[in-house]
Amino acid sequence: MSVVLRQAYATQGHAVDIKVLPWRRAIKMAMEGSVAGPLGFYSASQLECAEAQGVLSDAIGSFQFGLAQRTGGLPPWRDWTDLHGRRIGIVEGYDNGPDITRLLEHGLLIPDQAPSDLFSLKKLEANRVDYVSIDQQVFEYLTRKHQLNGLQMAPRYTMPRLPLFVCFNRTARADAMRAVLNSGLKRVNVRKIAQDYLRSSSP
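Summary of the structure given here.

Scoring rules and cut-offs
Residues numbered from 1 in each chain as written. Predicted model: local features only at pLDDT ≥ 70, side-chain atom pairs only at ≥ 80, totals over all residues. Heavy atoms only, no water. Helix = DSSP H or I, 4+ residues; strand = E, 2+ residues; numbered from the N terminus. Buried < 20%, exposed > 50% of the residue type's maximum accessible area, 1.4 Å probe, protein only. Contact = heavy atoms within 4.5 Å. Phe/Tyr/Trp six-rings, centres within 6.5 Å; stacked < 30°, edge-to-face > 60°. Lys NZ or Arg CZ within 6 Å of the ring centre and 35° of its normal.

Comments concerning the side chain of Gln64
Turning to its location among the elements, Gln64 is positioned in the loop between β3 (61-63) and β4 (65-70). By relative accessible area, which is 13% here, Gln64 ends up buried. Residues within four places of Gln64 in sequence aside, it is in contact with Ile134, Asp135, Gln136, Tyr157, Met159, Pro160 and Arg161.

Looking at the packing of aromatic side chains
Summed over the entire model, instances satisfying the criterion amount to six aromatic pairs. Between Trp23 and Phe41, the aromatic rings sit 5.4 Å apart at their centres with planes inclined by 85 degrees, giving edge-to-face as the arrangement. With Trp23 in helix α2 (residues 23-32) and Phe41 in strand β1 (residues 40-44), the pair connects residues that are 18 residues apart, well separated along the chain. Accessibility assignment for this pair places Trp23 and Phe41 in one class, buried. Centre to centre, the rings of Phe63 and Phe65 are 5.5 Å apart; their planes meet at 90 degrees, and the pair counts as edge-to-face. By relative accessible area, which is 5% here, Phe63 ends up buried. Of the aromatic side chains, those joined through ring pairs into one cluster are Trp23, Phe41, Phe63, Phe65 and Tyr94. Seen from the ring of Trp80, Arg156 lies directly overhead, with NZ or CZ sitting 5.2 Å from the centre.

Digging into the side chain of Lys123
Along the chain, Lys123 falls in helix α5 (residues 117-125). Residues within four places of Lys123 in sequence aside, it is in contact with Asp112, Gln113, Ala114, Arg128 and Val129.

Keep in mind these numbers describe shape, not what the thing actually does.
If you want it as structure tokens, here you go:
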């Protein structure tokens, strides 16, 4: 997503300054709207941006969550009842989709919150959780980059593929840069940028 943003802004003659923070902290800082602070956060679903009371950009990509698990551990889940009573790693504040959210709200899943996907996957590798709710492409990237062993994605996804956005705060400065980004996104091929990046990062 960062590559998409840099290329989209570059078509409009702008550079973008990106800072990586824990998810909740990133949202808080972005939505404060301070004069010298960040203009927004990403990658946000529609629900995440609505909860932050921000304004969506045009789509910068997409996501589809599934469940990561240890290879040779629990059988791949087939029905929601297979997950009842299981400990699931989630990142605090993430939109995990309506079905996982429903199971968590009804106490049918045991949540184990972490500040990032990488922390959740390390807990899974250490057998501290049964599953991790995570995007397929993020899983593939992190396990490869950090050499996390013995993990796999279950074959069934937990939600449909949905678009991702930058969620801007409601300041005039942010609104102006949202318009610039949207213009730039019309001049780049978002899917091709993502595919090229993932291909170039493969071993």
